[in-house]
Amino acid sequence: MEPRSRRRFPLAYVSAGVAALFSVPLLGVVLNVFREGQGNWPHLVSTVLPDYVLNSLALMFGVGAGVVIGGTGTAWLVVMCRFPGRRLFEWMLVLPLAIPAYVVAYAYTDLLQHAGPVQTLLRDLTGLGPRDYWFPNIRSTGGAILVFSAVLYPYVYLLARTAFLQQSICALEVGRTLGRSPWSAFTSIALPLARPAIVTGMALALMETLADFGTVAHFGVPTFTTGIYRTWYSMGDRVAAAQLASVLLAFVFALLVLEQWSRWRARFHETSRRWQEIDPYQLHGWRAWLATAFCAGPLVIGFVAPVGMLLWMAAIGGHDPLTARYLELTANSATLAGITAVLAVVLALFLAYVARIERSPLAASANRVASLGYAIPGSVIAVGILLHVATPDNATERHSRHTSR
C-alpha cells in the first residue's frame, strides 16, 4: 500500500500554476525591457523620465509622511486616551478608504476651484476681485499629496491601532516609573514596538499612490502611470510603455524591500505574565478638544468634505440617478466588483489552505508570488496583459493580409 503522502493529490503544483498565471503580466513587461521599439525610449529618458521620477519621489515622501502622522497619531489617541467623540472616531476613521482617491480629487477640484463655493464665498465676504488674492492650486503635486494622505491614512491607522492594542500597559507603566512623560513613553516605547506595523501600512499606502492614474491625471501631475498610458496610446510604442512600467516596478520592489526590512529581526512579543489591557486615560480641557480636532481633521478632509461636495453637486446637477445609463453603470460596477471579490476570496483561501497543509517550499513560494499582485500597479498589469494579447493578434493580422494577397 502506497504511503499517504504519495497518494495525496499534489495541490502545491496547482497553487504554483495559479501563481504562474498571476506572474504572466509581470513576465510580459520584463521580457520587453530589452527589445527594440520605435526609438522613443531615448527621447523619453531625455525629456519626461526625470519628471516622472521626481514627481513619484515627491509623492512618496509627502504621502508617506502624511499617512504616518495621521494614521499613527489618530491610532494612539483612540487607544490610549478618552476624549469627546473617541468611540465614534474608532470606526469612522476608516471611512476614507470607501472612496477612491480620484473621486475625492474631483470633489476637491470643484470645491476649491475659482468658480467653486469656497473662493466664491471668499470673494463675497471680502469684496476682492478675481486677481486680488492668492489661493492655493489644488491641481498640483501638493494637492495630490493632500488627497492621497487623506484617503490612504487608514492603512496605517488600522495596523497601528492593532499594534497599540496588543501592547501591555505593563511596558508603559515601567517607562512611567522611570520618569518617562506620556510623550516620551510614546516615542521611546510604544512607537518602536509598533514600527513594523506602521511601516507596513505606509508601504501599502505608497503602493496605492504609485498605482493611481485618475488622481494624478486629473491634477496634471506627470507620473509613471500617466506616462505609460500616453506612451502606449499617443505614441503607439508598447515596448517603450513596457520599459516605463519596468522602472515603475523598481519603485514598487523598493517598497517591498523597505517593508521586509522593517520586520527584519523584529520579533516583538508580550512575554510578561502580568499582561494587562490598556486602560485609556482621561484628557481634560483644551487637551481633550485638541485630540478631538486632531482625529476629526483627517476624517473631514478624507470623507466628510468630499462626500458633502458630491451630495451638493448631485442635488444641484438635476441628473436623475434612475435613468437607464446610471443603472447600467451601477450594474456593471456591481457585477465587476462582485465577480472580482468572489474570485479573489476563493483563490486566496485555496492558496492559504495549500500552504497550510503542504508546508513545502513550492507552496510557500506560490503564495509569495501570488501576493505580489496587490503590490504591482494596475497599469503595469494592464501593459503586461496587452503585450501578450497584442502579439498573437498582430501575427494573425499579418497572416490575414499575406493570405489575402
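Counting starts from 1 at the beginning of each chain's written sequence and moves along it residue by residue. With the structure being a predicted model, the display of local features is reserved for residues of pLDDT at least 70 and the display and counting of side-chain atom pairs for 80 or more, all residues being used for whole-chain, interface and lining totals. Hydrogens are left out, water is left out, and the side-chain values use all remaining heavy atoms of the structure.

1. Remarks on the state of the cysteines
Threshold: The disulfide criterion is simple: two cysteine sulfur atoms within 2.5 Å. Exposure classes here rest on a 1.4 Å probe applied to the protein chains alone. A residue is buried below 20% of its type maximum, exposed above 50%, and partly exposed in between.
Within the structure shown, the criterion is met by 0 disulfides. Left unpaired, C81 is separated from the closest cysteine sulfur, that of C295, by 8.8 Å. For C81, a relative accessible area of 3% puts it in the buried group. Judged by relative accessible area, which is 0%, C295 ranks as buried.

2. Examining the nonpolar core
To keep it simple, the criterion reads: Nonpolar cores were defined as sets of buried Ala, Val, Leu, Ile, Met, Phe, Trp, Tyr and Cys residues, with membership established by side-chain atoms within 4.5 Å. Helix numbering and strand numbering both begin at the N terminus, where a helix is a DSSP run of H or I of at least 4 residues and a strand a DSSP run of E of at least 2.
If you look at the biggest cluster of nonpolar residues, it comprises 78 residues, and the most contacted ones within it are V67, V78, F83, F148 and F164. The greatest single-element share of this core, amounting to 13 residues, is contributed by helix α8 (residues 141-165).

3. Some details on helix α12 (residues 224-233)
Across the 10 residues that make up α12, a large majority, 7, are buried. What α12 keeps buried is the set F224, T225, T226, G227, I228, T231 and W232.

4. Some words on the packing of helix α6 (residues 101-112) against helix α14 (residues 285-317)
Basically, it comes down to this: Every axis in this analysis is a line fitted to C-alpha atoms, fitted for helices over the stretch in contact. Angles between the N-to-C directions lie between 0 and 180 degrees. Roughly parallel means an angle under 35 degrees; roughly antiparallel means over 145; roughly perpendicular covers 65 to 115; every other angle is labelled oblique. In this scheme, a crossing is called left-handed if the near helix is turned counterclockwise away from the far one by less than a right angle; it is called right-handed if the turn is clockwise. Residue contacts follow a heavy-atom distance rule, with two residues in contact if any of their heavy atoms lie within 4.5 Å. Three categories are distinguished: nonpolar for Ala, Val, Leu, Ile, Met, Phe, Trp, Tyr, Cys and Pro, charged for Asp, Glu, Lys and Arg, and polar for the others, with Gly belonging to the last.
It is the contact of α6 with α14, at a shortest axis distance of 9 Å, that shows an interaxial angle of 70°. Between α6 and α14, the angle is such that the two are roughly perpendicular. When the axes of α6 and α14 are compared, the crossing they make is left-handed. On the side of α6, the interface is formed by V103, V104, A107, Y108, D110 and L111, while α14 contributes V300, I301, G302, A305, P306, M309, L310 and M313. Its residues assigned to classes, the contact of α6 with α14 comprises 12 nonpolar, 1 polar and 1 charged.

5. Description of the confidence of the model for the chain
Using the following cut-off: Confidence scores per residue from the predictor, reported as pLDDT, run from 0 to 100.
Taken as a whole, the chain shows an average pLDDT of 81; of its residues, 82% reach a score of 70 or greater. Confidence drops under a pLDDT of 50 for residues 1-8, and excluding neighbours within four residues, the segment shows 4 contacts in the predicted structure.

6. Thoughts on the pattern of salt bridges
To keep things clear, this is the line we draw: For this analysis, a salt bridge means a side-chain nitrogen from Lys or Arg found within 4 Å of a carboxyl oxygen belonging to Asp or Glu.
Counted by the stated rule, this structure contains 3 salt bridges. As a salt-bridge pair, E90 and R86 come within 3.7 Å of each other at their nearest N and O atoms. Taken together, the residues E90 and R86, both in helix α5 (residues 86-92) and 4 residues apart, mark about one turn of the helix. Given a relative accessible area of 10%, R86 falls into the buried group. What emerges from the salt-bridge pattern is a single network uniting R86, R87, E90 and R161.

7. Examining the environment of I301
Among the secondary structure elements, I301 is positioned in helix α14. Classification of I301 as partly exposed rests on a relative accessible area of 31%. Considering only alpha carbons, one finds I301 and P96, 205 residues apart in sequence, at a separation of 8.8 Å. If near-sequence neighbours (up to four positions away) are discounted, I301 is found in contact with Y108, L146, A150 and P306.

8. Section: the packing of helix α2 (residues 11-31) against helix α15 (residues 324-358)
With their axes 9 Å apart at the nearest point, α2 and α15 run at an angle of 140° to one another. With respect to α15, the element α2 is oriented oblique. The way α2 lies across α15 gives a crossing that is left-handed. Between α2, through L11, A12, V14, S15, V18 and F22, and α15, the contact on the second element is made entirely by L347, F350, L351, Y353, V354, I357 and E358.

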